[in-house]
Amino acid sequence: MSDGTCLRRRKGAHEIEPKTDLTRWRFSSVEGRQKWYYVASSEECAREQNALEAYTLGLDTSKFFPDLPKASTAQEAVQKAIKFFSGLQAEDGHWAMECSGVLSLAPAILMSCYAAKISLPEEVERELLRYILSKQLPDGGWGLHLKEQSTVFGTTFSYIAMRILGLGPDHPDVVRARINLHKKGGALGIPNLGKVWLAIMNLYSWEGMNSPFPELWLFPTWLPGHPSTYWCHARHITLAMSYCYATRLTVEEDELIQSLRQEIYVEDFSTIDWPAQRNNIYEADLHAAHSWMLDAAFATFNLYERYHFTSFRKQAIAEMYEQIKADDIFSNATNSSPTCKAFHVLISRYADGADSPAFQEHISRIYDYLWIGQDGMLIKVMGSQTWDTSFAIQGFLEAGVQNNPDYASCLKKAHEFLKASQIVDNPPNYQRYYRQMNKGGFPFSNRENDWIVSDCTAEAMRTLMLLEEKCPFIEDHVAPQRLFDAVNVMLNMRNSDGGFSSYETRRGSWLLEIMNSSEIYADCMVDHTYIECTSSVMQGLKHFRKRFPNHREDEISDTLNKALQYCRNMQKADGSWLGRWGVCFTYGTWFGLEAFACMGYIYRGGEACKEVTKACEFLVSKQMKDGGWGEEFESYRFRKYIQHTVSQIHQTSWALLGLMAVRYPDVRVLERGIQVLIDRQTLIGEWPQGDIATAFYKAGTLHYNAYRIIFPIFALARFTRLYPSSPVAKELLKNGSVHAVQSQNGGC
Ligand SMILES: CC(C)=CCC[C@@H](C)[C@H]1CC[C@@]2(C)C3=C(CC[C@]12C)[C@@]1(C)CC[C@H](O)C(C)(C)[C@@H]1CC3
């Protein structure tokens, strides 16, 4: 795939006509809680659509963002981009941009709503259908993510979703999908997570599943393989699936279900040998095969299942319910991920009752995950509110917008938002629920979600500090105690190898990966240590130490030194680092270089330490003919750099940011990259959508709509600040000599 058009199937957004009047959609957000709603045609729209709404929906935005002359320098380009992007800031100060790409999420929510008898507004349903149809592959099927070939999982889920949304079995797209599914042998080859949803929908027998052994939740935590040692996402998905399995939560049979039983299988439903399907997974769906140890464990669990003790089972159900409820309460029913959210909504309906406040709260929180983009409505993989806002502001400040009074209110609002995103207290009795202290941390999305991430904490804390240092007009500063809390939480997240994981400290060992039963994702059982998280925490702590040199001084120094050693240990022989949350070596190497830069390891007098030199050599060796960088998302799966055919805006920005962080001395290299960013900027000041920016767990990809804007802003701004005399930076100095301005304080 060359240019990212894969993100839009059917040759473009507008090939599938919108199913609602797009001008009637409105967006609201309070402290990052996002909500799209439709103003019925019988009602008066209380206000005109704003720039964010019109832009997100793909409507005409010329009255907000008129075409401007093409920028000829980095400075012009960055000013233009900031003017544009500040126009998209939401009313509560954050940037609300799509973070999407997991195609099973909307079908799962739809099945949950179907089973829990929740009716979504008609307009929401119509736009959900548009999105699903827009992602149908030419062969009639769907993958699990935007770059995947069609699979049984993707196709079965989208098929059921289309039927729930009202398309009949003879609709041409449904027919195409069915033919595709039948060619794959029907829905029986669906992986584990899919089997659970089919069983809930009464389309599959619980007998056809390997037992997840729900009693595991009653075992002591020191037992190897206890769920408390899993990565939080693996833990919570296992929890929800085990609860549904243990209670055999199943929707009543109705006409649609009877019909679906005929449609999604090749064989007669009543003749299927269910136990024989437990390990039946279609080849293209399988990304993490069972180990023999897992198969042996399943054989034991399945045997136990036949004779299990009812009293143990009851206790296990009660324990799992308590764990599930705790997450509902802590996360305000948004849960750790939308995958869990779909389960929890349904569990709440069955366990708490249709009229319970808990269930009603769950329904209202479905809207927190709904997002309408140019291809219709989808379920976000998470909101990226805090993350995107932190990087947007870092770029803005690097560009010096604090000196322009026009942006004062934008910066103030962002400051307010970030302040409001910090978690102010630990959840009650959190250790009981295998959580870690989170007081002072920041989430990826917004405070109400309650799940903090190490790098989101570091980036948000640093951004808040930068805002307060650079903007005299921001007076309502964060109390130092809140910054101390952020530092406490980060120090509490140190791993023994010196690095940092994402949500919690690393608990299980690599051995746990052998027991990965997800079948669709690899490397997802443990919260491993990541270069990105480690580097962000280092930059955050380094910045903090400048202002509070005596606060937990020894621990911070020790943490920084050990973290740097971790970075050294993780560097590959070719100088790169493997990034896990962005594609891939380019992303990882950017963070690796920032880590070294913030510790003062930059080029001086044309020389740098060997780690920095090698990393720069690696990046420079990957610079493409046009001056940009481009790496295929498959690099992560194959663990080697795979060259893209087209340079990508986000990767060009990451590579440039890394090189500039360490003051790479050959400015020509930087200028060529910067020129790509200038040339590709559109007339309104944004950049066109490129290829996918994130690959995770070896078999997932994510689409971040903000990355093609925030990272070029950051790179252009850093270039303009560091190399003002480059002819590519500023018009005024066009004839000046080209040299780097060495700064003493590294990239932080
Ligand atoms: C089908 C399934 C399992 C869906 C759930 C997906 C979530 C578990 C994924 C989606 C987005 C995701 C990849 C993300 C992250 C963790 C796992 C997430 C939440 C984190 C927070 C990890 C730390 C990273 O540095 C960064 C902050 C970039 C990402 C953001 C997205």
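Only a predicted model underlies this, so the values are computations on that prediction, with no experimental measurement involved.

## Some points on the overall build of the protein chain
Stage number 1. The secondary structure content of the protein chain amounts to 25 helices and 9 strands.
Stage number 2. Computed over its C-alpha atoms, the radius of gyration of the protein chain comes to 26 Å, within 12% of the 27 Å expected for a compact globule of 748 residues.
Stage number 3. With respect to the three principal axes, the spread of C-alpha positions in the protein chain is 80 × 60 × 45 Å.
Stage number 4. For the protein chain, the residues scored as buried account for 65% of the 748 residues in total.
Stage number 5. Only carbon and sulfur atoms are counted for the fraction: they give 53% of the accessible area of the protein chain, which is about 26600 Å².
Stage number 6. The centroid of the 77 positive side-chain charges in the protein chain is displaced by 4 Å from the centroid of its 86 negative side-chain charges.

## A look at the UniProt feature "domain: Squalene cyclase C-terminal" (unreviewed entry) in the protein chain
Stage number 1. UniProt annotation of "domain: Squalene cyclase C-terminal" (unreviewed entry) refers to residues 384-720 when read in the numbering used here.
Stage number 2. Helix makes up 48% of residues 384-720 and strand 5%. Its end C-alpha atoms lie 27 Å apart.

## Digging into helix H6 (residues 172-183)
Stage number 1. For H6, spanning 12 residues, the distance from its first C-alpha to its last is 17 Å, which sits close to the expected 16 Å at 1.5 Å a residue.
Stage number 2. Those residues of H6 lying buried are Asp173, Val174, Ala177, Arg178, Asn180 and Leu181. Each buried residue of H6 lies within a common arc of 160° when the element is viewed along its axis, so the set occupies one face. Opposite the buried face of H6, by more than 90 degrees, sit the exposed residues Pro172 and Lys183.
Stage number 3. Against helix H4 (122-134), helix H5 (152-164) and helix H9 (255-263) lie the buried residues of H6.

## Some remarks on the pattern of salt bridges
Stage number 1. For the structure shown, the criterion picks out 42 salt bridges.
Stage number 2. A salt bridge links glutamate 215 to arginine 313, with the shortest nitrogen-to-oxygen separation between them at 2.8 Å. Highlighted residues: glutamate 215 in the loop between helix H7 (192-200) and helix H8 (232-247) and arginine 313 in helix H11 (residues 310-330), separated in sequence by 98 residues. Accessibility classification places glutamate 215 together with arginine 313 in one group, the buried group.
Stage number 3. Here glutamate 319 and arginine 432 are joined by a salt bridge, their closest N and O atoms 2.7 Å apart. Linking glutamate 319 in helix H11 with arginine 432 in the loop between helix H15 (408-421) and helix H16 (454-470), this pair joins segments that are 113 residues apart in sequence.
Stage number 4. Each member of the salt-bridge network shares a partner with another, and the members are Arg33, Glu361, Arg365, Asp368 and Glu448.

## Considerations on the domain arrangement of the protein chain
Stage number 1. Annotation of the protein chain at the domain level lists domain 1 (102-379) and domain 2 (385-722).
Stage number 2. Inter-centroid distance (C-alpha atoms) of domain 1 to domain 2 is 33 Å.
Stage number 3. At the junction of the two partners, domain 1 supplies 45 residues and domain 2 supplies 40 residues.
Stage number 4. The tally of links from domain 1 across to domain 2 stands at 6 salt bridges.

## Comments concerning a nonpolar patch on the surface
Stage number 1. On the surface, Leu218, Phe219, Phe309 and Phe312 cluster together into a nonpolar patch covering about 360 Å² of accessible area.
Stage number 2. When you line up the elements, phenylalanine 309 lands in the loop between helix H10 (292-307) and H11.

## Focus on the site of the ligand
Stage number 1. Among the 21 residues in the neighbourhood of the ligand, the closest are listed as Thr339, Phe444, Asp455, Tyr697 and Tyr704.
Stage number 2. Here an oxygen atom of the ligand and a side-chain polar atom of aspartate 455 are 2.3 Å apart.
Stage number 3. Starting from 640 Å² of accessible surface for the ligand in isolation, the protein chains cover 99%.
Stage number 4. Elements supplying a minimum of two residues to the shell around the ligand: H8, H16 and strand E9 (700-704).
Stage number 5. A class-by-class count of the residues in the shell around the ligand yields 16 nonpolar, 4 polar and 1 charged.
Stage number 6. Counting the residues that make up the shell around the ligand, at least three belong to each of domain 1 (102-379) and domain 2 (385-722).

## Some thoughts on the UniProt feature "domain: Squalene cyclase N-terminal" (unreviewed entry) in the protein chain
Stage number 1. Under the UniProt annotation, the feature "domain: Squalene cyclase N-terminal" (unreviewed entry) is placed at residues 79-325.
Stage number 2. With 50% helix and 1% strand, residues 79-325 has end C-alpha atoms that lie 48 Å from one another.

## Notes on the environment of arginine 580
Stage number 1. Note that arginine 580 resides in the loop between helix H19 (553-570) and helix H20 (585-598).
Stage number 2. Given the relative accessible area of 11%, arginine 580 is considered buried.
Stage number 3. Aside from chain neighbours lying at most four places away, what touches arginine 580 is Trp510, Asp523, Tyr530, Glu532, Tyr636, Arg639, Ala695 and Phe696.
Stage number 4. A distance of 3.2 Å separates the side chain of arginine 580 from the side chain of tyrosine 636, its partner in a polar contact.

## Description of the packing of helix H14 (residues 385-398) against H15
Stage number 1. Running from N to C, H14 and H15 point in directions that differ by 145°, and their axes come no closer than 11 Å. Handedness of the crossing formed by H14 with H15: left-handed. Between H14, through Gln385, Thr386, Thr389, Ser390, Ile393, Phe396 and Leu397, and H15, the contact on the second element is made entirely by Cys410, Leu411, Ala414, Phe417, Leu418 and Ser421.
Stage number 2. Each residue belonging to the contact of H14 with H15 can be placed in one class, and the counts come to 8 nonpolar, 5 polar and no charged.

## Thoughts on the confidence of the model for the protein chain
Stage number 1. Here the protein chain averages 94 in pLDDT, while 96% of its residues score no lower than 70.
Stage number 2. Here residues 1-6 is modelled with pLDDT under 50, and outside its nearest four sequence neighbours on either side it reaches 18 contacts, counting other chains as well.
Stage number 3. Below pLDDT 50 for its whole length, residues 733-748 participates in 40 contacts with residues either more than four positions away or in separate chains.

Definitions and cut-offs
- Residues numbered from 1 in each chain as written.
- Predicted model: local features only at pLDDT ≥ 70, side-chain atom pairs only at ≥ 80, totals over all residues.
- Heavy atoms only, no water.
- Helix = DSSP H or I, 4+ residues; strand = E, 2+ residues; numbered from the N terminus.
- Rg over C-alpha atoms; globule rule 2.2 N^0.38 Å.
- Buried < 20%, exposed > 50% of the residue type's maximum accessible area, 1.4 Å probe, protein only.
- Areas by Shrake-Rupley, 256 points an atom, 1.4 Å probe, with all protein chains shown as cover.
- Lys, Arg positive; Asp, Glu negative; His and termini not counted.
- Charge placed at Lys NZ, Arg CZ, Asp CG, Glu CD.
- UniProt positions renumbered as here; feature names shortened; annotations may be inferred.
- Expected span 1.5 Å × (residues − 1).
- Arc of directions from axis to C-beta.
- Contact = heavy atoms within 4.5 Å.
- Salt bridge = Lys/Arg side-chain N within 4 Å of Asp/Glu carboxyl O.
- Domains from an automatic or database assignment.
- Patch = residues over 30% accessible without salt bridge, like charges linked within 9 Å, V, L, I, M, F, W, Y side chains within 5 Å.
- Near = heavy atom within 4 Å.
- Polar contact = N/O pair within 3.5 Å; in protein donor to acceptor, adjacent residues only side chain to side chain.
- Nonpolar A, V, L, I, M, F, W, Y, C, P; charged D, E, K, R; others polar.
- Axes fitted to C-alpha atoms, helices over the stretch in contact; angles between N-to-C directions.
- Left-handed = near helix turned anticlockwise from the far one by under 90°.
- pLDDT = per-residue confidence, 0-100.

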